[in-house]
Amino acid sequence: MADMRVKEPKGVELRHISKIYKDPKTGKDFYAVHDVDLTIVPGSFVTLLGPSGCGKTTTLRMIAGFESPDEGDIFLGGESINALTPNKRDTAMVFQSYALFPHYNVFDNVAYGLRLRKVPKDEIQRRVKEILALVELSGMEQRMTNQLSGGQQQRVALARALVVEPGVLLFDEPLSNLDAKLRVQMRTEIRRIQQALGITAIYVTHDQSEAMSISDNIILMKGGVIAQMGTPTEIYYHPNSEFVADFIGECNFLKGPISAASVGEAAVNIVGVDVPVATDKSVKVGDPGEIVVRPEAIAIADEGMLPCKVELSCFMGSYQNYHVRVGDTLVKITDNCPINKKIFAVGDDAYISFDKVCAHLL
Amino acid sequence: MARGQGAALDRRKLLADPVMVTTIVLLITFLAIFILYPLAILLVDSFYSAETGVTSQFFSGIFGENVFSRALGKALIIGLLATLIAAAAGFALARAENTADGGLAPGLGKALSFLSVALPLIAVAAYVIAVFDSSGPVARFLQRAFSGGIGSGALIVLVEAIVLAPLCYRMFDGAMRYSNLTTTNATEQQTLRNKLLLKAAVTALVVFALNLLLIVFLDAALYGKRSFIIAISNTLKVGFLVGILSAAIGLLFAYVEVYVKVRTKFMAGLFKVVSMLPVVSPPFVLSLSMIMLFGKAGIITRFLLHIYDNNVYGFWGIAIVQTMTFFPVCYMMFRGLLKNIDPSMEEAARDMGASRFRVFTSVTLPLLLPGIGNAFLVTFIESIADFANPMIIGGSYDTLATTIYLQITGAYDKNGACAMAVVLLGITMVMFMVQKYYLESKTAATLTGKASRARMLIEDRSVTTPLTILCSMMALFVILMYICVPFGALFKTWGYDFHLTTKWFVQVFKKYKGLKAFKDSFVLSLIAAPVTALLSMIISYLVVKKKFKAKGFIEFTSMLAMAVPGTVLGIGYIRGFAGGMFRTGFLQGLYGTGAILVIVFVVRSLPTGTRSGISALRQIDKSIEESAYDMGAGSLKVFTSVTLPLIKDSFLSGLVTAFVRSITAISAIILLVTPSFLLITVQINEFAEKGSFGIACAFATILIAITYGSVLLMNLIIKYFGTSRKIKEAD
């Protein structure tokens, strides 16, 4: 596979990119993307993640050249590509709807980009064969695209983008039309191929689990601006806002005044109990504090840190799902492998506790 | 927040694409020169001439020389005096009403308010009656009043003043009352009152101007040429009737097809034929067969009913023939709409206890209402723009389109023709705007959803039987009318001698240069068809898939051609190109050549092609082209390698439609054709007018053969070579 590595994966830099649209209802201009500034290193897999309308697709389309930024510059491999049309940019995109050419068969679809580049015939034959082997579609060359299953169409779209060896590969929610099982399979596949080829990839999705499993870096967007950038682990365990914490998986928020602060650690007073939490922020005693803790990091038992009342107890197979009330706050708990643990019933009094390194101070 | 950079970048991207830029520039030039310019020159010529500056050519063109200026002089004096008196009286009355001591007698104010609406309405009604019914009592009365001396003049002023006084009273009264109500401060009251009174005075001035115009038109109508007024009233009458009838019959057919269970093969075939007719309906055909079936020598009237003096010419002749021609268009429109109505809505109404009739009136009909308006207006425009049918079957019943033609070819009155063309264009444009920007969006808003599942068809025999019989009778009648023409060409003397003969066809080819007519029509249309098809596909591509500044202009102009009657376009070309563009001699060489005929063909078929192209392209996911673009294809490559293959079927049908429309075109062509070109349609017109029905039928038969042949050929080609086949086969 080593000989198939892309010659030169390119980096992408977005320098204070903004895009302004007109709201069709009010007729007012608004920022669809506002001051997005980021650097994508060559060969990395970066995901633009966010709810619909957050500007992720617009950002991707600006990189591809379908939209022009109203502010800022885009660099591809160190060169400004602002004024280049999509066909002159060294990018290739995999579309949400696959966008396969229905009047071509698989081979012609994949060979389209190579023919445009005036690649000699025998080389086209060779490269298309290689790439189809890579996406495990060998022998399907003569099929028409509507004779393929959704997953196979997805592979053709991927092969068509890969075969031209673009500096950057762009994905616009490519898996959203597949069923859940196939989606998981395909994302592993995409990651495998991207790593095998060492290509730079920018991936747009609204599915946080997809983003976490596939990316080197996640850029979480909201309302046109970047909410947080970082590795999946950073974003999961150290979200910088309620929005990020909530968007990436389920989350509990416990609020109270800060009752103690020292280097690397603080405590938040919640329903009269000082709850310790690891933090590298400098906080003052008396400030409002908010602890973020994931449901799977909380243990429920007859004794522990914070008293609570069980409001929902539901067996989910691999875990027991609890909703408990701590003071006024609802706390969700997923208690893994419940078979050898005590099961609490609705109305029971219990205690919850969690390790300070599993929690995060917002 | 500035969007400058994005727009600038978009512009740079566009400019980096020479093919696109050239295409857009060429398109704009073409549309501007061959659609906008001829219409603009008509308007300009009506109100301005290089020698005399601003002119009343428009009015004198309509009413005749001198009539206009005389009428204007009279109207100025009468209108001014009447308005002054009315304003003074109204002001005095308003003042009296708004004094501290209770004002006018109770009831008088109310009566005046009522009269302020009633009297002008009565006046306008009388005016309309007088204009359109020139020999009626109202017109005669007015004529007598107008032609008198000072005394009758004074009488008119008095009547006018009485009509207008309550209106003036109401305006001034409103102003005073409002200022009294808003504030109690005396000075503020005064300023407010002055302001409102000024506004009322301005309104009075507008009333005066309108009054003036009415008087001028009335006067000119009473004393000037009548031809225009008659033509316009004829046109509107026919248009309304045809619009209503076509919409009604179209709706009936669509309803029966979608709602009623008539699943015999025979009926399905009938409906299919009816739905195909509008695509290939050569002009004159229905008029010819109407005359041959119901005229003096008509088979039905003379031989079946023994009526020997039946007059098919005139209003009813035109109305029936046009209805038969245009209702299939309405039928197709309604069929699309009805299929989009979700059956569950009607089932819900039925479930709550509504009778079938009530479901129709309370659910189906309201949903269809904008669509009905749409169908009516489309037919209305078609009807008033129609030239061929009124020409043949109108007899002395002239419509605007035929009058314009006769003005040019018979009376050589170019100013008159030009002015009438402007009026005709004005009417169709207003209708078109209402239809396109108001009704179409409403139709789309109420009926967008796809039917969720199949409809329960009406099986009740008391409903299905009469409807089936009605529809099949009508369908058979229409088909009979189409079949009649070829037989007309095969009988020795229609109506008298029914021996079969080939003499008419022989004469067509031997005596009347039928081969040349055939060749000329065929070659010119064959050139126009691919140009039109390609052009409309390019326009659709740009409109649907690209964004740039001039897009709105391109879309609007190419659709505009739909609202321009052929006769108007023809006059526009004569005025616009006979002396070259702007009479500078530029492009003068075009006039009188085959090229200008081809251009007219293209312009006339462009809207239909563009519309079908746009709807075909909207079906194609935008990202398919984007992905080709993204892979490195320029816009030309994207268009040829992806877009065009995907809309190949639409392109092919556009090609044939353009060909058929061109070869059957008459209205604009007949004004522009020179003796060096013999066109089949022009020949039919000539012989039908002369009463040589045998020859006309022979020509028409050839035309029908060509058009239906082309459509059949197209269907075969699409079936065996179309894109859809490849994709379908894969399923």
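Computed from a predicted model, the values in this text were never measured in an experiment.

Student: Just to check I follow, could you spell out the overall build of chain A for this structure?
Tutor: When helices and strands are tallied, chain A shows eight helices and 20 strands. Here chain A holds 362 residues, and the buried ones make up 51% of them. Of all intrachain contacts in chain A linking residues separated by at least 6 positions in sequence, the fraction that spans at least 24 positions is 66%. When the accessible surface of chain A is totalled, it reaches about 15500 Å², and 52% of it is carbon and sulfur. Counting 38 positive and 45 negative side-chain charges, chain A places the centres of these two groups 7 Å from one another.

Student: Looking at this model, I keep getting lost on unusual backbone geometry. Mind explaining?
Tutor: Glycine aside, negative phi is the norm for most residues, and most peptide bonds take the trans geometry. Residue and element names in this part refer to chain A. One non-glycine residue with positive phi stands out, namely Y98, at about 70 degrees. By secondary structure assignment, the location of Y98 is in the loop between β6 (91-94) and α2 (106-116). Its relative accessible area of 5% is what places Y98 among the buried residues. Although it is not a glycine, V271 sits at a positive phi angle of roughly 35 degrees.

Student: Which parts of the structure should I look at to understand the interface of chain B and chain A?
Tutor: A common way to state how big an interface is: give the accessible area lost once the parts meet. If you look at the interface, chain B gives 34 residues, while chain A gives 42 residues. There are two salt bridges connecting chain B and chain A. The interface formed by chain B and chain A includes 22 residue pairs in polar contact (both at pLDDT 80 or more). Put simply, the parts of the chain that give the side of chain B that touches chain A at least two residues each are α1 (4-15), α25 (622-631), α26 (635-646) and α31 (723-730) of chain B.

Student: When you look at the packing of helix α10 (residues 265-276) of chain B against helix α13 (residues 315-340) of chain B in this model, what are you seeing that I'm missing?
Tutor: Two measures define how a pair of helices packs: the angle their axes make with one another and the distance between the axes. All names here are of chain B. Interhelical geometry of α10 versus α13 gives an angle of 110 degrees and a closest axis separation of 8 Å. Relative to α13, the element α10 is oriented roughly perpendicular. Together, F271, V274 and S275 of α10 and F327, P328, Y331, M332 and R335 of α13 make up the contact between the two elements. Of the residues that constitute the contact of α10 with α13, the class distribution is six nonpolar, one polar and one charged.

Student: Please explain the layout of surface pockets as it appears in this structure.
Tutor: The probe, sized like a water molecule, is rolled over the atoms to show the empty space still left. Residue and element names in this part refer to chain B. Taken as a whole, the second largest pocket holds about 700 Å³ of empty space. Taken together, 25 residues make up the lining of the second largest pocket; nearest its centre are A123, V124, V159, E160 and V163. Those elements that provide at least two residues to the lining of the second largest pocket are α5 (108-132), α6 (137-147), α7 (150-182) and α8 (186-223). Split by residue class, the lining of the second largest pocket holds 23 nonpolar, one polar and one charged.

Student: Where do I start with the environment of T468 of chain B in this structure?
Tutor: Residue and element names in this part refer to chain B. Here T468 lies in helix α19 (residues 461-488). Overall, T468 belongs to the buried group, its relative accessible area being 16%. Separated by 271 residues in the primary sequence, T468 and L197 have C-alpha atoms spaced 65 Å apart. Other than its neighbours up to four places away in sequence, T468 contacts V262 and M267. Of the polar contacts made by the side chain of T468, one reaches the backbone oxygen of T464; its length is 2.4 Å.

Student: What am I meant to see in the sheet that holds strand β10 (residues 225-230) of chain A here?
Tutor: Sheet strands pair via backbone hydrogen bonds, and the direction of the pair is either parallel or antiparallel. All names here are of chain A. Spatially, six strands are ordered β6-β7-β8-β3-β9-β10 in an open sheet, and the strand pairing comes out mixed. Strands at the two margins of the open sheet, each flanked by one partner only, are β6 and β10. Strand after strand, the sheet turns through a mean of 20 degrees between neighbouring axes, direction not considered. Pairing of strand β7 (residues 168-172) with strand β8 (residues 200-205), which is carried by five bridges, proceeds in the parallel orientation. Residue pairing in the sheet places L169 in a bridge with A201 of β8. On top of the sheet, helix α5 (residues 180-197) reaches β3 (45-49), β7 and β8; it is set at about 140 degrees to β3, its chief contact.

Student: So what exactly am I meant to see when it comes to the packing of aromatic side chains here?
Tutor: Any aromatic ring pair is given by two values, namely how distant the centres are and how the planes are angled relative to each other. Enumeration over the complete set of coordinates arrives at 33 aromatic pairs over all chains. When the ring of F253 of chain B is compared with that of Y331 of chain B, the centres are 5.8 Å apart and the planes differ by 65 degrees; the resulting orientation is edge-to-face. Taken as a pair, F253 of chain B in helix α9 (residues 227-259) and Y331 of chain B in helix α13 lie far apart in primary sequence, 78 residues in all. With respect to class, F253 of chain B is no different from Y331 of chain B; both count as buried. Grouped by ring-pair contacts, the aromatic residues F30, F34, Y37, Y573 and F577 of chain B constitute a single cluster. Over the aromatic face of F243 of chain A sits the side chain of K222 of chain A, whose NZ or CZ is 5.0 Å from the ring centroid.

Student: What's the story with the sheet that holds strand β11 (residues 252-262) of chain A in this structure? I'm lost.
Tutor: Residues and elements named next belong to chain A. On the basis of which strands lie adjacent, the open sheet formed by five strands has the order β13-β12-β11-β14-β20 and antiparallel pairing. The outermost strands of the open sheet, each flanked by one partner alone, are β13 (273-278) and β20 (360-361). For β11 and strand β12 (residues 265-270), the ladder comprises four bridges, and the chain directions are antiparallel. Of the residues in β12, the one forming a bridge with A261 is A266.

Student: Explain the confidence of the model for chain B here, please?
Tutor: Regions with low pLDDT should not have their predicted coordinates read in detail. Predicted confidence across chain B gives a mean pLDDT of 81, with 89% of residues reaching 70 or more. Interface scoring of the predicted complex returns ipTM 0.82; its pTM is 0.78.

Student: Looking at this structure, how should I read the domain arrangement of chain A?
Tutor: Residues and elements named next belong to chain A. The domains assigned to chain A are domain 1 (2-243) and domain 2 (250-361). The distance between the C-alpha centroids of domain 1 and domain 2 comes to 39 Å. Contact with domain 1, which involves six residues of that partner, is made by seven residues of domain 2. For the pair domain 1 and domain 2, the two sides together bury roughly 640 Å², of which 45% comes from carbon and sulfur. A per-residue breakdown of the area domain 1 buries against domain 2 is headed by Y236, P239 and E242, which together make up 71% of the total. Where domain 1 touches domain 2, the interface holds one salt bridge. Ionic pairing is found between K255 and E242, a salt bridge with its closest N-O pair at 3.7 Å. Counting across the interface, domain 1 meets domain 2 through four residue pairs in polar contact (both at pLDDT 80 or more). Per-element accounting of the side of domain 1 that touches domain 2 gives the leading share, three residues, to helix α7 (residues 232-237).

Student: Quick question: what am I supposed to make of the side chain of N109 of chain A here?
Tutor: Residue and element names in this part refer to chain A. Mapped onto the secondary structure, N109 falls in helix α2. There is a polar contact of 3.3 Å between the side chain of N109 and the backbone oxygen of Y104. Not counting residues within four places of it along the chain, the set of residues in contact with N109 comprises L100, F101, Y104, T145, V156 and R160.

Student: Is there a simple way to think about the packing of helix α11 (residues 285-294) of chain B against α19 of chain B in this case?
Tutor: Residues and elements named next belong to chain B. Close contact between α11 and α19 brings their axes to 8 Å; oriented N to C, the two are set at 85 degrees. In terms of orientation, α11 and α19 fall into the roughly perpendicular class. Residues V285, L286, L288, S289, M290, M292, L293 and F294 of α11 pack against F477, L480, M481, Y482, C484, V485 and G488 of α19. Across the contact of α11 with α19, the residue classes tally to 13 nonpolar, two polar and no charged.

Student: Can you walk me through the environment of F498 of chain B in this structure?
Tutor: Residues and elements named next belong to chain B. Mapping F498 onto the fold places it in strand β4 (residues 497-500). Take F498: its relative accessible area is 32%, and that puts it in the partly exposed class. Between the alpha carbons of F498 and L121 there is a distance of 58 Å; along the sequence they are 377 residues apart. When near neighbours in sequence (up to four residues on either side) are disregarded, F498 contacts I299, F303 and F491.

Reading guide: rules and limits
Just so you know, the residues in each chain are numbered from 1, in the order the chain's sequence is written. A letter from A marks each chain and a number from 1 marks each ligand, given out in the order of writing. Selection of residues for local features in this predicted model requires a pLDDT of at least 70, selection of side-chain atom pairs for listing and counting requires 80 or more, and totals for whole chains, interfaces and linings are taken over all residues. Excluding hydrogens and water, the side-chain values take into account all heavy atoms of the structure. Numbering goes from the N terminus for both helices and strands, where a helix is a DSSP run of H or I of at least four residues and a strand is a run of E of at least two. Relative accessibility under 20% of the residue-type maximum defines a buried residue, over 50% an exposed one, and the middle range a partly exposed one, all with a 1.4 Å probe and only protein chains included. Pairs of residues are marked as contacts when any of their non-hydrogen atoms sit within 4.5 Å. Each accessible area value is a Shrake-Rupley result obtained with a 1.4 Å probe; residue values ignore everything except the protein chains displayed when judging cover. Working convention for charge: Lys and Arg count positive, Asp and Glu count negative, and His plus the chain ends are omitted. To locate a charge, the coordinates of NZ of Lys, CZ of Arg, CG of Asp or CD of Glu are taken. Here a salt bridge means any side-chain nitrogen of Lys or Arg lying within 4 Å of a carboxyl oxygen belonging to Asp or Glu. Polar contact is defined as a pair of N or O atoms within 3.5 Å, subject to the rule that within protein one atom must be able to donate a hydrogen and the other to accept it, and that residues adjacent in sequence are counted only when both atoms are side-chain atoms. Axis angles are defined between N-to-C directions and span 0 to 180 degrees, where every axis is a line fitted to C-alpha atoms and, for a helix, only to the segment in contact. These descriptions rest on fixed angle ranges, namely under 35 degrees for roughly parallel, over 145 for roughly antiparallel, 65 to 115 for roughly perpendicular, and the rest for oblique. All residues other than Ala, Val, Leu, Ile, Met, Phe, Trp, Tyr, Cys, Pro, Asp, Glu, Lys and Arg, Gly among them, are scored as polar; the first ten of these are nonpolar and the last four charged. Put plainly, a pocket is an open set of points on a 1 Å grid over the protein atoms alone with protein on both sides within 12 Å along at least five of seven lines, a cavity is a set where a 1.4 Å probe fits but cannot get out, and a lining residue has an atom within 4 Å of a point. Grid points are joined across faces, edges and corners, and a volume is the space filled by probe spheres set on the points. A pair of strands is treated as paired once DSSP finds two or more bridges between them. Put simply, two rings from Phe, Tyr or Trp (the six-membered ring, in Trp's case) pair if the centres are within 6.5 Å, and we call them stacked under 30 degrees between planes, edge-to-face over 60, tilted for the rest. Either the NZ atom of lysine or the CZ atom of arginine qualifies as a charge over a ring when it sits within 6 Å of the ring centre and within 35 degrees of the ring normal. A residue's pLDDT is the confidence the predictor assigns to it, expressed on a 0 to 100 scale. The source of the domain bounds is an automatic or database domain assignment. Accessible area that two parts lose when put together, evaluated with a 1.4 Å probe and summed over both, is termed the buried area.

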